[in-house]
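Structure assessment
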Amino acid sequence: QAPHFLRWYLQVYDPPALNGLTPLQVRQGTSLRGFDPYRQALVPTTHLPITAGYIHFMRKVDSSAHIELLNERWLVHKNLIGCYVRATLNLADQQLSIWHKPDELASWRRIKTRIFRLKEPVHDLLPAFTFKHNCTRCREYYPA
């Protein structure tokens, strides 16, 4: 379903913050930054290894107080039924944390943390791929 969603999101969806434009219209004229030849040569051409870092998912809590994530169901809390939560997977620690932000002005609040065992080893990220996210927008979205 991802290709269908991405097409809809880029070409049809018009978030209020974009004043009637679609994400594709806003992005026109902007070039995406790719890897330089040195970094490109470091990317495996076959199976990508799991590397230390975080993966964030947004999910809506269903009527049974669960979210579905990576083919597993996770109990959140009955008070959050119908709300959106962020599930953050910490690959190095193999933990899943579920966060909630009740409104735009509130801070993210961790609801729970659970073990999330991976079947493959987790590798350190190569230094060539470490980027600092120092912009305000990035820092605002990372949980404390």
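Placed above this text is the structure.
Attention here is on the structure that accompanies the text. Not measured: the values here are computed from a predicted model.

This brings us to the sheet that holds strand E7 (residues 109-115). Overall, antiparallel pairing links the four strands, which are arranged E2-E5-E6-E7 in an open sheet. Sheet topology places strand E2 (54-60) and E7 at the edges, where each strand pairs with a single neighbour. Neighbouring strand axes in the sheet, compared pairwise and without regard to direction, differ in orientation by 20° on average. In terms of strand pairing, E2 meets strand E5 (residues 84-90) through seven bridges, oriented antiparallel. By the bridge assignment for E5, Arg-59 is matched with Val-85.

Moving on: the packing of aromatic side chains. Counted under the stated rule, the structure contains five aromatic pairs. Consider the rings of Phe-5 and Trp-8, whose centres lie 5.7 Å apart with planes at 40°: the pair is tilted. Of this pair, Phe-5 and Trp-8 both sit in helix H1 (residues 2-11), three residues apart, which is roughly one turn of that helix. Between Phe-5 and Tyr-9 the ring centres are 6.0 Å apart and the planes differ by 25°, which places this aromatic pair in the stacked class. Of this pair, Phe-5 and Tyr-9 both sit in helix H1, four residues apart, which is roughly one turn of that helix. An aromatic cluster of at least three residues, connected via ring pairs, comprises Phe-5, Trp-8, Tyr-9 and Tyr-13.

About the thresholds
For every chain, the first residue of the written sequence is number 1, and numbering continues from 1 along that sequence. Predicted model: local features are reported for residues with pLDDT of at least 70 only, side-chain atom pairs are reported and counted for 80 or more only, and whole-chain, interface and lining totals are derived from all residues. To get the side-chain values, all heavy atoms of the structure are used, and hydrogens and water are removed first. Strand pairing is assigned whenever DSSP detects at least two bridges linking the two strands. Comment: elements are numbered from the N terminus, with helices defined as DSSP H or I runs of at least four residues and strands as E runs of at least two. Axis definition: a line fitted to C-alpha atoms, over the contacting stretch in the case of helices. Angles run 0 to 180 degrees between N-to-C directions. Geometry of aromatic contacts follows a simple scheme: Phe, Tyr and Trp rings, the Trp one being its six-membered ring, pair when their centres are within 6.5 Å, and the pair is stacked under 30 degrees between planes, edge-to-face over 60, tilted otherwise.

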